Amino acid sequence: MRRIVGPEIALAADHFGHIGINSCIRLGRALEPFHLAWLEDLIPWQHTDLWKRITDAVYLPTCTGEDIYLKETFWNSAAIMRSTSSIPTWRTSGGILETKKIGDLAQDFGVPMAMHFAGTPVSFMANVHCAAATENFLVLENHSVDVPWWDDLVEGSRNRSSRNGFIRVPDTPGLGVTLNEAVVREHLTDGRCFEADAGVDEERSADRLWS
């Protein structure tokens, strides 16, 4: 991948599975020659003492945070870890304003803020506004680029079709987009929306403490 994209585009690595810190250190050292921007969520975010052992042992920066709730909980990650970035997601960190506060906290420790995102164009534009208001913003994660109807889920701005990786911040009211309910209904997986789902009550559901 590095040979294909060249030296100017940053690469990062995520989703390592549940592995021990010795394996994390070995992996980090093996990836050092490729000059990655960061290694993300190697272990659960709660173990800040183990995170420090990993980040002290490898040259590559590390980051975590997409499962952390509230600015106060981010304090340990920002103060103890030698991270390249905190990576909150506004939908689980406490909202747009709370995510802005997390960015300000990270900046106090000299840590830039990347932002996690995987969702709809509505959520995407909320991230864009938050990023624009945060001085130490670094980069916004972006998914669904291969879904042709993704932009059609909203009416208004077509900012996701960015130029050279940059997004224009809307100057229209609110988030700058309006939900296109007709298109949303066309692409519901089972034709239903907000139906009761007993699966979320299971122990191994998507509601987990870390990714």
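J.: Looking at this structure, how should I read the packing of aromatic side chains?
T.: Each pair of aromatic rings is reported with the distance of its centres and the angle of its planes. All told, the structure shown has 3 aromatic pairs when counted by the stated rule. Pairing F117 with F124 gives two aromatic rings, centres 5.4 Å apart and planes at 55°, and the pair type is tilted. In this pair, the class of F117 matches that of F124, namely buried. Ring geometry for F117 versus W150: centroids 6.5 Å apart, planes at 80°, classification edge-to-face. Of this pair, F117 sits in the loop between β4 (113-115) and α7 (121-132) while W150 sits in the loop between β5 (137-140) and β6 (154-156), and the two are 33 residues apart along the sequence. Looking at F117, the relative accessible area reads 1%, which means it is buried. For W150, a relative accessible area of 4% translates into the label buried.

J.: Where do I start with α7 in this structure?
T.: Residues lying three or four places apart along an α-helix face the same way, a consequence of the helix completing one turn every 3.6 residues. Between its terminal C-alpha atoms α7 stretches 16 Å, which fits the 16 Å expected from 12 residues at 1.5 Å a residue. Burial within α7 is extensive, with 9 of its 12 residues counted as buried. As for α7, its buried residues are in contact with α5 (90-93), α6 (96-108), β4, β5, β6 and β7 (177-179).

J.: Sorry, what's going on with the confidence of the model for the protein here?
T.: Any segment with low pLDDT has predicted coordinates that should not be analysed in fine detail. Averaged over the protein, the pLDDT score is 81; the fraction of residues at 70 or greater is 81%. Taken element by element, the protein is modelled with least confidence in strand β3 (residues 83-86), mean pLDDT 55, and with most confidence in helix α2 (residues 21-31), mean pLDDT 94.

J.: Would you take a moment to explain the environment of N180 for this structure?
T.: Along the chain, the position of N180 falls in the loop between β7 and α8 (181-186). Classification of N180 as buried rests on a relative accessible area of 16%. Separated by 29 residues in sequence, N180 and D151 have C-alpha atoms that sit 9.9 Å apart. Setting aside residues up to four positions removed in sequence, N180 forms contacts with D152, L153, V154 and E155. A polar atom in the side chain of N180 sits 3.5 Å from the side chain of E155.

Definitions and limits used
- Residues numbered from 1 in each chain as written.
- Predicted model: local features only at pLDDT ≥ 70, side-chain atom pairs only at ≥ 80, totals over all residues.
- Heavy atoms only, no water.
- Phe/Tyr/Trp six-rings, centres within 6.5 Å; stacked < 30°, edge-to-face > 60°.
- Buried < 20%, exposed > 50% of the residue type's maximum accessible area, 1.4 Å probe, protein only.
- Helix = DSSP H or I, 4+ residues; strand = E, 2+ residues; numbered from the N terminus.
- Expected span 1.5 Å × (residues − 1).
- Contact = heavy atoms within 4.5 Å.
- pLDDT = per-residue confidence, 0-100.
- Polar contact = N/O pair within 3.5 Å; in protein donor to acceptor, adjacent residues only side chain to side chain.

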